[in-house]
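Take a look at the letters that make up each chain.
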Amino acid sequence: MILLTGLWDVWEDNLLITGSHNLADDDEAATARIVADLHPGNGWAASFLVHDHKRAVQKAYDTYVSHESGSELIDEVHHFEPDRD
């Protein structure tokens with residue numbers, strides 16, 4: 001599983017991906033430890049049952065950003081540009 005972490009930029013309404021963690025599917029302790037360090041208020045995390053960062057970012061875009069008018073997903077980890085179709 002890939003756990004993506006980041007934050008919502010409340011001024012621009014963009015999702016900034018600042019972390020990508022490859023974890024075992026059932027590693028709840030590691031997930032909890034990583035999520036506990038997120039910025040309070042606008043911190044964001046989501047896990048995806050995929051094996052690479054690119055697919056996780058695409059799923060994050062499709063799930064959380066694509067339906068929001070004017071919002072963007074900005075991948076600050078590997079600078080992947082999601083498919084916007």
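Just so it is clear, the structure is predicted and the values come from calculations on it, not from any experiment. (Residues numbered from 1 in each chain as written. Predicted model: local features only at pLDDT ≥ 70, side-chain atom pairs only at ≥ 80, totals over all residues. Heavy atoms only, no water.)

Residues Leu4, Trp44, Phe48 and Leu73 are the most contacted members of the largest nonpolar core, which totals 15 residues. Elements with a minimum of two residues in this core: β1 (2–9), β2 (14–22), β3 (43–48) and α2 (53–65). The residues touching Leu4, leaving out its near neighbours within four places in the chain, are Ile17, Gly19, Ser20, Trp44, Ala45, Ala46, Phe48, His53, Ala56, Val57 and Ala60. The next biggest cluster of nonpolar side chains, apart from the first, holds 5 residues, and it includes Met1, Leu23, Ala30 and Ile34. (Core = buried A, V, L, I, M, F, W, Y, C linked by side-chain atoms within 4.5 Å. Buried < 20%, exposed > 50% of the residue type's maximum accessible area, 1.4 Å probe, protein only. Helix = DSSP H or I, 4+ residues; strand = E, 2+ residues; numbered from the N terminus. Contact = heavy atoms within 4.5 Å.)

A few words on the environment of Tyr61. Mapped onto the secondary structure, Tyr61 falls in helix α2. Tyr61 sits in the buried class, given a relative accessible area of 8%. Not counting residues within four places of it along the chain, the set of residues in contact with Tyr61 comprises Ser66, Leu73, Pro82, Asp83 and Arg84.

Here we take up the pairing of β2. Relative to β2, β1 runs antiparallel, the two sharing 8 bridges. Bridge pairing links Leu3 to His21 in β2. The antiparallel pairing of β1 with β2 creates a hairpin that spans 4 residues between the two strands, and Asp13 there sits at a positive phi of about 60 degrees. (Pairing = 2+ DSSP bridges.)

The subject of this paragraph is helix α1 (residues 28–36). Burial in α1 covers these residues: Ala30, Thr31 and Ile34. One side of α1 carries all its buried residues, which in axial view fall inside an arc of 100 degrees. Away from its buried face, by an angle of more than 90 degrees, α1 presents the exposed residues Glu28, Ala29, Arg33 and Ala36. Where the residues of α1 are buried, they touch β1 and β2. (Arc of directions from axis to C-beta.)

On to the packing of aromatic side chains, then. In total, this model carries 1 aromatic pair according to the counting rule given. Between Trp44 and Tyr64, the ring centres sit 5.4 Å apart and the planes meet at 85 degrees, which makes this aromatic pair edge-to-face. Taken together, the residues Trp44 in strand β3 and Tyr64 in helix α2 connect sequence positions 20 residues apart. On the basis of relative accessible area, Trp44 is assigned to the buried category, the value being 7%. The partly exposed category is assigned to Tyr64, whose relative accessible area is 32%. (Phe/Tyr/Trp six-rings, centres within 6.5 Å; stacked < 30°, edge-to-face > 60°.)

Geometric values such as these leave the question of function open.
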